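# Examining the three-dimensional arrangement
The chain contents come next:
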There are 2 protein chains.
Amino acid sequence: MSTGALPGFRDFYPQEFAERAALARSWRDVARRYGFTEYDGPPLEPTELYTKKSGEEIVGQLYAFTDKGGRAVALRPEMTPTFARMVAARANTLPKPVRWFSIPQLFRYERQQRGRLREHFQLNVDIVGEPGVRADAELVCCALDVMRSLGLTSDDVVARFSDRRVLSLILLNHRVPRAALPAVYAVLDKFHRQPRDVSAEKLAAAGLTTAQTDALFADVDTVASTGGGISPATGDAAEDRAGAEVLAAIEQYQTHIGALMGAPARDWVQWDLTIVRGLAYYTGIVFEIFDRRGQLRAVCGGGRYDGLLAAAGGPDLPGLGFGMGDVVLTELLRDRGLLKPDLARLDYWVAADAVDAGSALAVASIAGQLRRAGRSVEYAFRWSSLARQLKAASTAHARRAVIVKQGAAGSGVVTVKDLDTGDEETVRLESWIAQA
Amino acid sequence: MSTGALPGFRDFYPQEFAERAALARSWRDVARRYGFTEYDGPPLEPTELYTKKSGEEIVGQLYAFTDKGGRAVALRPEMTPTFARMVAARANTLPKPVRWFSIPQLFRYERQQRGRLREHFQLNVDIVGEPGVRADAELVCCALDVMRSLGLTSDDVVARFSDRRVLSLILLNHRVPRAALPAVYAVLDKFHRQPRDVSAEKLAAAGLTTAQTDALFADVDTVASTGGGISPATGDAAEDRAGAEVLAAIEQYQTHIGALMGAPARDWVQWDLTIVRGLAYYTGIVFEIFDRRGQLRAVCGGGRYDGLLAAAGGPDLPGLGFGMGDVVLTELLRDRGLLKPDLARLDYWVAADAVDAGSALAVASIAGQLRRAGRSVEYAFRWSSLARQLKAASTAHARRAVIVKQGAAGSGVVTVKDLDTGDEETVRLESWIAQA
């Protein structure tokens, strides 16, 4: 019998749990400040919830099986389908916009590689019922404020955003055939992970002329350096009007982000035409947060998915959301020395220097009183020398020891020792406990 | 496509999530006061972790399947095997006693009945490395202090405890053949859920004479009413010496509980010879917490399992623990009017009475500043009348509104309105935010 977890699954010993808890605390705190309310769904769902709406990659990695009742079920690989299902079920009675968040554990059967896990925790934040771009700004700022609350600055991370509607307008403007667009998106998706000439070769293979590729690269550079500066036109009046609206919305998006963050938008966000999120359900602005050193995969990703609620059997409500996993974020925080586990110290260790039954009961009674006053307290279950008890107190990282001296159990007088400084004082228990 | 969860699984909408969160907060707070440290393991484990050590009932209800790598895996039906596995893996380096707790979600494929779930959350608290009975007292007091922290009193709940070693001594004392003991245990396990004459009939079927049954019932009554008062003897000197030690330990257990709880032990615990826990791995004192009205199944159960670590492939260390599920406890709290969901109110709603872009940016900027000061804040994503914005504020249960008046966006002056009392004051933003 192995004493290890399954491959790709983590045991959270107290140290690792404390790291996870610190992250969850930041997630909850920021989501709360933004007025989001927590929900949760089942970790097991009908398989069809994913096969009908998730991307191919997700479906290929499902932990799916047949339960004892003959149902096709799967461990949840992402939260959005559950969120859409739950909102769809109550869409008519929920006040809009719906502002919810959740911290589910998610499961994917990925091919086992070093450092690749089969489960992770993910903050999911979603807004439903609001089509305006200020909601998009609100969403990305919530993700960025998580970064800020963890001690990361705009020197450490940046949100790169884009809108596929603009990209398609630009490509049509450069007379790239509509049929070639998916291939171009796939090349751009890897833009930052490959040399530019590799991208150019692949674009040529996708049917772009050198002039078209150069023009596209020029637009990518202009947008990245100025946060705008393009005005693509297809010649189709309706399409161009829609395009102009998207461009105006993106400008408003950046202005609103600046106001919410209390800092120039370009400190925290960068319009990047190469951001093409994989999931099929995105319809508007999408974003990903990266560490600026480019060492890690995206820390967070999300965007607008206006058709999803209707696809989930609900009413046709606009929606948007992001997911932020714990694994890459924890790597980044560890790398920057910002991983601060929630390991609380023990407030008191209660000890006695005698073996008599009265002392043992006095120890238990004091422990009980301190606990009822909200303090964390331990004591030895068996008699050992005072020196050994104080050693155990120190192993347990107790701040202070309360020592019951021989014969004093009935007197109501104890010694309180600060285990960091060694300072001792003698106190009357009754009056001291009230302010311990 | 259904918008519901699988049968037996719960969707936690914000209200239900807030109830679950309130319970988890109490669990964590009490565990912390007792010096327990949180850990977690994977929700998916090798199936053999359960087939080798859990009871038959658990194995029959496993959510088990074969993963894509051909491994037999199961959703965890209980936490103790994972705990034992994790402790066994590091048994030599962990300081003893190990004092850990966890709040896993557990899964059992039970036959679907009204109100029967296939998942629940369970507080698990365990101590490893301490054979003495004070650890048993510590454990049950931790469970009882959870009750107390939730507002339940000793008039609402009681911990019934027993020790199978004493029961076997009593039965041997009454000359019940050793081979009949398992059948007698099974009858006693249902003692409180059936009339006494039904128990008597079943004991007769198990081979007990009327005199033996009467003597057993007399012992049950004596123990229940006095918390002791029996001195069974088998005639076997070694067995009787061991029995006397167990009886002395049970007396010490009760005394220690009284000291820890700051109340007579019999307020909170009752020695009850009919407590026979089902799981095979218990070796000493076991307990279950019941509501005194007897309307519900046990709220909590646990006990000493000294052989379990060795069985998990670890060293032979004594251990004890309990599990407390969320379902029965939530029913009990709801019934007593003690279910207090953690639904935080929104601190501020920021509104404007004008449609200009300056006002919208002022709203966003104030929202950002208040959030950076730790407050929870919402605002409207689109312009609507001030009355509608304040209505949205009230729907969101905001405490206060901050109102940017037309033309005042640049002046740094805003109106703060208390939405409960209707009181308004005009403040200079900069100085006010510092203490908002």
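Model, not experiment: these values are computed from the prediction.

## Section: the domain arrangement of chain A
Domain assignment breaks chain A into domain 1 (14-335) and domain 2 (346-435). For domain 1 of chain A and domain 2 of chain A, the distance between their C-alpha centroids amounts to 54 Å.

## A closer look at the pairing of strand 13 (residues 346-352) of chain B
All names here are of chain B. Where burial is concerned, most of strand 13 is hidden: 7 out of the 7 residues are buried. Where strand 13 lies against strand 14 (residues 377-379), 3 bridges are found, and the strand directions are parallel. Within strand 14, the position partnered with Y348 by the bridge is V377. For the crossover from strand 13 across helix 14 (residues 357-372) to strand 14, the handedness is right-handed.

## Let's talk about the side chain of A:Q212
Residue and element names in this part refer to chain A. Structurally, Q212 can be placed in helix 9 (residues 210-226). Within polar-contact distance, the side chain of Q212 engages the backbone oxygen of R175 at 3.1 Å. Ignoring sequence-local partners within four residues, the contact set of Q212 consists of H174, R175, V176 and G207.

## A few points about the interface of chain B and chain A
Tallying the contact residues gives 94 residues for chain B and 93 residues for chain A. Where chain B meets chain A, there are 10 salt bridges. A salt bridge links B:E130 to A:R382; its shortest N-O distance comes to 3.0 Å. For the pair chain B and chain A, the number of links is 36 residue pairs in polar contact (both at pLDDT 80 or more).

## Some details on the relation of the copies chain B and chain A
Here chain B sits on chain A after a turn of 180 degrees about the axis and a move of 0.0 Å along it, with an RMSD of 0.1 Å. As the rotation angle and translation indicate, the two copies are arranged about a two-fold axis. Ranked by how close their C-alpha atoms come to the rotation axis, the residues of chain B are headed by B:F65, at 3.2 Å. Looking at chain B, 99% of its interface residues are interface residues in chain A too, so the copies touch through the same face.

## A few points about the packing of aromatic side chains
Applying the stated rule across the entire model yields 29 aromatic pairs over all chains. Plain terms: the ring middles of B:F161 and B:W271 are 6.0 Å apart, the flat faces sit at 15 degrees to each other, and that makes the pair stacked. Taken together, the residues B:F161 in strand 8 (residues 157-163) and B:W271 in strand 9 (residues 269-271) connect sequence positions 110 residues apart. Across this residue pair, the class does not change: B:F161 and B:W271 are buried. Each residue in the set A:F9, A:Y63, A:F107 and A:Y109 is aromatic and connected to the rest through ring pairs, giving one cluster. For the cation-ring pair, A:R118 lies above A:Y109, with the distance from its terminal atom to the ring centre recorded as 3.9 Å. Across the ring face of B:F290, the terminal group of B:R160 is positioned such that the distance to the ring centre comes to 4.6 Å.

## With respect to helix 1 (residues 14-33) of chain A
Its 20 residues place the ends of helix 1 of chain A 28 Å apart at the C-alpha level, agreeing with the 28 Å of an ideal helix rising 1.5 Å per residue. Directly after helix 1 of chain A, the chain includes A:G35, whose backbone phi takes a positive value near 80 degrees.

## Points about the environment of B:A186
On the secondary structure map, B:A186 appears in helix 7 (residues 181-189). B:A186 sits 189 residues away from B:R375 along the chain, and the two C-alpha atoms are 57 Å apart.

## A look at the environment of A:Q122
Residue and element names in this part refer to chain A. Summarising the element assignment, Q122 is placed in strand 7 (residues 119-128). Residue Q122 is classed as buried on the basis of its relative accessible area of 16%. Taking C-alpha positions, Q122 is 45 Å from W432, a pair spaced 310 residues apart along the chain. Setting aside residues up to four positions removed in sequence, Q122 forms contacts with W27, S102, I103, P104, L106, G323, M324 and G325. Side-chain polar atoms of Q122 contact the side chain of N124, separated by 2.9 Å.

## Structural notes on the sheet that holds strand 13 (residues 346-352) of chain A
All names here are of chain A. The strand order across the open sheet built from 5 strands is 14-13-15-16-17, with neighbouring strands paired in mixed fashion. Of all the strands in the sheet, the pair left with one neighbour each is strand 14 (377-379) and strand 17 (424-428). Averaged over all pairs of adjacent strands, the angle between their axes in this sheet comes to 25 degrees, without regard to strand direction. The pairing of strand 13 with strand 15 (residues 398-404) spans 6 bridges and is parallel. Of the residues in strand 15, the one forming a bridge with A352 is V404. With respect to the sheet, helix 15 (residues 386-395) is in contact with strand 13, strand 15 and strand 16 (413-418), its orientation differing from that of strand 13 by roughly 170 degrees.

## Section: unusual backbone geometry
Keep in mind that most residues, glycine aside, have a negative phi and that most peptide bonds are trans. With an omega dihedral of -10 degrees, the bond running from A:K96 to A:P97 counts as a cis peptide bond. When you line up the elements, A:P97 lands in the loop between helix 4 (80-89) and strand 5 (98-102). Here the phi dihedral of A:R175 falls at roughly 65 degrees; this positive angle occurs in a residue that is not glycine. Take A:R175: it is sitting in the loop between helix 6 (164-173) and helix 7 (181-189). Although it is not a glycine, B:H397 sits at a positive phi angle of roughly 55 degrees. Positionally, B:H397 belongs in the loop between helix 15 (386-395) and strand 15 (398-404). For B:H397, a relative accessible area of 54% puts it in the exposed group.

## Some remarks on the pattern of salt bridges
Residue and element names in this part refer to chain B. All chains considered together, the criterion is met by 60 salt bridges over all chains. Of the charged contacts in the structure, one is a salt bridge between R196 and D221, with a shortest N-O distance of 3.0 Å. With R196 in helix 8 (residues 196-205) and D221 in helix 9 (residues 210-226), the pair connects residues that are 25 residues apart, well separated along the chain. Taking the shortest distance from any N to any O, the salt bridge between D306 and R304 comes out at 2.9 Å. Classification of D306 by relative accessible area gives partly exposed; the value is 24%. Under the relative-accessibility criterion, R304 is labelled buried at 5%.

## Thoughts on the pairing of strand 17 of chain A
All names here are of chain A. Sheet topology note: the strand 16/strand 17 ladder contains 5 bridges and is antiparallel. Note on strand 17: the bridge partner recorded for V413 is R428. Between strand 16 and strand 17, which pair antiparallel one after the other, the connecting turn spans 5 residues, and G422 there sits at a positive phi close to 85 degrees.

## Remarks on the side chain of A:H256
Tracing the sequence through the fold places A:H256 in helix 10 (residues 237-261). In this structure A:H256 touches A:R134, A:A137, B:L361, B:A364 and B:Y379, once residues within four positions along its chain are discounted.

## Structural notes on the packing of helix 1 (residues 14-33) of chain B against helix 5 (residues 133-149) of chain B
Each packed pair of helices is defined by two parameters, the angle between the axes and the distance between the axes. Residues and elements named next belong to chain B. Contact pair helix 1 / helix 5: the axes reach a minimum separation of 9 Å and the direction vectors enclose 135 degrees. Taken together, the axis directions place helix 1 and helix 5 in an arrangement best described as oblique. The crossing of helix 1 and helix 5 is right-handed. Along the contact surface, helix 1 presents S26, W27, V30 and R33, while helix 5 presents C142, D145, V146 and S149. Tallied by class, residues from the contact of helix 1 with helix 5 come to 4 nonpolar, 2 polar and 2 charged.

## A look at the environment of B:G314
Tracing the backbone shows B:G314 in the loop between helix 12 (308-311) and strand 12 (319-325). Apart from residues lying up to four places away in sequence, B:G314 is in contact with B:A88 and B:L309.

Quick notes on the rules
Each chain has its residues counted from 1, following the order in which its sequence is written. Chains carry letters and ligands carry numbers; both start at the beginning, A for chains and 1 for ligands, and go up in the order they are written. Given that the model is predicted, a residue must reach a pLDDT of at least 70 before its local features are reported, and side-chain atom pairs must reach 80 or more before they are shown or counted; all residues, however, enter totals for whole chains, interfaces and linings. Hydrogens and water molecules were not included; the side-chain quantities draw on all heavy atoms of the structure. As annotated, the domain borders come from an automatic or database domain assignment. Partly exposed describes any residue whose relative accessible area lies between the buried limit of under 20% and the exposed limit of over 50%, with all areas from a 1.4 Å probe on protein chains only and scaled to the type maximum. We count a stretch as a helix when DSSP gives it H or I for four or more residues in a row; a strand needs E for two or more, and each element gets its number in order from the N terminus. Two strands make a pair as long as DSSP finds a minimum of two bridges between them. For the handedness criterion, the strands are oriented away from the viewer, and a crossover whose path from the first strand over the helix to the second runs clockwise is classed as right-handed. As used in this structure description, the phrase polar contact means that two N or O atoms lie within 3.5 Å; if the pair is within protein, one of them must be able to donate a hydrogen and the other to accept it, and residues adjacent in sequence are counted only when both atoms belong to side chains. Should any heavy atoms of two residues lie within 4.5 Å, those residues are counted as being in contact. Here, a salt bridge means any Lys or Arg side-chain nitrogen found within 4 Å of an Asp or Glu carboxyl oxygen. A least-squares superposition brings the copies together, and it is based on the C-alpha atoms of residues with pLDDT no lower than 70 in both. Put simply, two rings from Phe, Tyr or Trp (the six-membered ring, in Trp's case) pair if the centres are within 6.5 Å, and we call them stacked under 30 degrees between planes, edge-to-face over 60, tilted for the rest. Consider the ring centre and the ring normal. A charge sits over the ring if Lys NZ or Arg CZ is within 6 Å of that centre and within 35 degrees of that normal. Here the expected span of a helix is defined as 1.5 Å times the quantity of residues minus one. Angular values range over 0 to 180 degrees, each being the angle between N-to-C directions of two axes fitted as lines to C-alpha atoms, with helices fitted over their stretch in contact. Note on angle classes: values under 35 degrees are labelled roughly parallel, values over 145 roughly antiparallel, values of 65 to 115 roughly perpendicular, and the remainder oblique. Here is the rule for handedness: rotate from the far helix to the near one, and if that takes an anticlockwise turn smaller than a right angle the crossing is left-handed, while a clockwise turn gives right-handed. Gly is put with the polar residues, along with every residue not named as nonpolar or charged; the nonpolar set is Ala, Val, Leu, Ile, Met, Phe, Trp, Tyr, Cys and Pro, and the charged set is Asp, Glu, Lys and Arg.

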